[in-house]
Amino acid sequence: MAQLSILFNTEELSSDTWYSTNIEDFRQSICITRHTTSTLDIFIWGDIAYRHLDRQITSDILNNRFESYCGRSWIAINNKSRIINFATDTYGAFPIIYYKDNNNIILASSRTSLNQSLKKPLELKKQSLKEIVVLGQLFSSNSILKNTTHFMGNTQATLTIKNSELKQKNSKNEIFNSNLKTKYSDAKEALIEAVRMSVNSGINPLISLSGGLDSRAILAACDLLNLKPDALCYGVANSTDVNYAKLLANSCGLTLHHPTNLKTNISDSVIHRVSKASMGEVPFHHAHALIDDKILNKTLGRSIITGTGAESYRAFYYDRGMPGFNFFDLALLNNWSTPRIKRYIQEEFLKQTHPLLAPLLGHKSIEAKIESVFERYINPLLPATKQADIFYLTTRCQRMVVAGQQLLDSYYNRSHPFLNHDVVKTMLHLPAKLKLHSTFHRQFIADVSPKLAKLPWDKTQKPLKKGLNFSEKYPGLATRLKLNAAYGKASKPMYLYGYHHLNANVLDETLRLITDNDSEFCSLKHLVQKHKLENYLIGFGLIWLNMNNRIKLQKAG
């Protein structure tokens, strides 16, 4: 992928060098399109499956039509008026980062590229650190960095450099406002075609493969289409994901690239590599893709196809839905169902870090953030299930999931078939019964590649085609009924993120980034230790403490 940043010099507006570009791109002709005229300098980047749109995007910009497009973001600089127009892709997989202080204005494709142009230490926002620790992500345009705005999907903006005036608008996605009804066959055909586009558009493509159903569905489509990309899996050599990936790749005759180490490598060089790519929003324990340097070096510069976006249709309320959840698909019951959906979402955000909630954010703040998303993006007349899916597409996917995907941008070209416009439209408007218990994924895999349905699923440890029993369909209810349900990943994780080898003061230094108040510091440290959240906090601290300067983290040898 292209790492793009543009630095505007507000003190030299009359000079031909009033802006400078920084592009790190191992395949510029593949990742980014640059079109220059006597007046305009246009940059277009994003999902490689939509490069065919670049000609249309360029034509629209030249004719003063400024819109968002599926999979492609763009920046257009007018050298005469000193006005910059830009827009993010429809579903926010390729955001635009805007930075402004007293001396600099920068537009960038990522926090990493922003850092490369700024050439001075980036400052962290304490309130954002608290939010990301409690919720695992940030909301809306909030950034973890001071003086910085994160423009999400479907945003168009105009920046006048002469007076630093920024005007923005967020176009409404008609798919989110429509109460369409689609069928299984519609979504099936859309996904197959989206996978075809992603694989055929890439140079030496890779499928990101694991034990989950999203990557298996992409593999199934490849099998149907007789496409043979390589596969890539992260994790120590004997992890459950690597073992499942081997089964799946061998079944389809694909070459699988995976780590061969049996131990998790948490060295200084790995910590610094992850810190540079994360720039604050992705903790170390979510950076699986960057742990093994041998795999990175072996697959560098290739196109990677991921299941990003698919989790919106297999979210926890579908995965663990109770009997009768189909009623949530009836808009007539919204007065009853919508408050429950909002409560489920809040509980999901807080399930790991609830003990930290009271001193850091407070219940009312969480409720307000969730409510603001519903007010901004979601049509209250839609059924509660679709409201929840849109919440995930606009909030969970565009901030938490995309932050993780941006880790890959220094190493791979990204493509996301589940964020294809037709796939989003057809899957969003499927009936809830096809989303409950991963029904669409399981049926899709069985239809298009029966041999993959014969292989075990990591959540049940039995062949996928066997279906689910009562305890597997309703694990929450089964637990309350004391049915001893064994559902979920009872497996060896990708990596074991243990931090016993680090200096004892790393936790303290992490907490000091969050608060300057001695009383709050002591209270937080007590809660963290009481609820055994030390590793969780240190996972963020390793990134924050290393963003600007390399510091000594390891114990003396």
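Residues numbered from 1 in each chain as written. Predicted model: local features only at pLDDT ≥ 70, side-chain atom pairs only at ≥ 80, totals over all residues. Heavy atoms only, no water.

**As for the nonpolar core**
Ranked by size, the top nonpolar core spans 183 residues in total, and within it Phe 284, Phe 444 and Trp 544 carry the most contacts. Discounting chain neighbours no more than four positions away, the residues touching Phe 284 are Ile 266, Val 270, Ile 271, Val 274, Ile 291, Tyr 497, Tyr 499, Gly 539, Leu 542 and Ile 543. (Core = buried A, V, L, I, M, F, W, Y, C linked by side-chain atoms within 4.5 Å. Buried < 20%, exposed > 50% of the residue type's maximum accessible area, 1.4 Å probe, protein only. Contact = heavy atoms within 4.5 Å.)

**Topic: the environment of Leu 114**
When you line up the elements, Leu 114 lands in helix 3 (residues 111–118). Setting aside chain neighbours within four positions, we find Leu 114 in contact with Ser 5, Ile 97, Tyr 99, Ile 106, Ala 108, Leu 122, Leu 145 and Thr 148. (Helix = DSSP H or I, 4+ residues; strand = E, 2+ residues; numbered from the N terminus.)

**Section: unusual backbone geometry**
Even without being a glycine, Asn 204 presents a positive backbone phi close to 55°. For Asn 204, the position within the fold is in the loop between helix 6 (184–201) and strand 12 (206–208). One non-glycine residue, Asn 226, lies in the positive phi region at around 60°. Within the secondary structure, Asn 226 sits in the loop between helix 7 (213–225) and strand 13 (230–232). Its relative accessible area of 58% is what places Asn 226 among the exposed residues.

**Quick look at the pattern of salt bridges**
This model, assessed by the stated rule, comprises 21 salt bridges. Where Asp 60 meets Arg 65, a salt bridge forms, and the shortest distance between an N and an O atom there is 2.7 Å. Taking relative accessible area as the criterion, Asp 60 reaches 7% and is therefore assigned buried. A salt bridge links Glu 123 to Lys 146, with the shortest nitrogen-to-oxygen separation between them at 3.7 Å. With Glu 123 in the loop between helix 3 and helix 4 (126–135) and Lys 146 in the loop between helix 4 and strand 9 (148–151), the pair connects residues that are 23 residues apart, well separated along the chain. Note on Glu 123: relative accessible area 45%, which makes it partly exposed. (Salt bridge = Lys/Arg side-chain N within 4 Å of Asp/Glu carboxyl O.)

**Section: the side chain of Ser 110**
When you line up the elements, Ser 110 lands in the loop between strand 8 (105–108) and helix 3. A polar atom in the side chain of Ser 110 sits 2.5 Å from the side chain of Gln 3. Setting aside anything within four residues of it in sequence, one finds Ser 110 in contact with Gln 3, Ile 97 and Gln 406. (Polar contact = N/O pair within 3.5 Å; in protein donor to acceptor, adjacent residues only side chain to side chain.)

**Here's the deal with the packing of aromatic side chains**
Summed over all chains, the structure comprises 24 aromatic pairs. Ring centres 5.9 Å apart and planes at 40° place the aromatic pair Phe 66 and Trp 74 in the tilted group. Each member of the aromatic cluster is reached from another via a ring pair, and the members are Phe 139, Tyr 317, Tyr 318, Phe 325, Phe 328, Trp 336, Tyr 344, Phe 349, Phe 374, Phe 391 and Tyr 392. Seen from the ring of Phe 374, Lys 342 lies directly overhead, with NZ or CZ sitting 4.9 Å from the centre. The side chain of Arg 512 reaches across the aromatic face of Phe 521, ending 3.9 Å from its centre. (Phe/Tyr/Trp six-rings, centres within 6.5 Å; stacked < 30°, edge-to-face > 60°. Lys NZ or Arg CZ within 6 Å of the ring centre and 35° of its normal.)

**Looking at the sheet that holds strand 13**
Here 5 strands make up an open sheet; going across it, the order is 14-13-12-15-16 and the pairing parallel. The sheet is open, and its two edges are formed by strand 14 (256–257) and strand 16 (413–415), each paired on a single side. (Pairing = 2+ DSSP bridges.)

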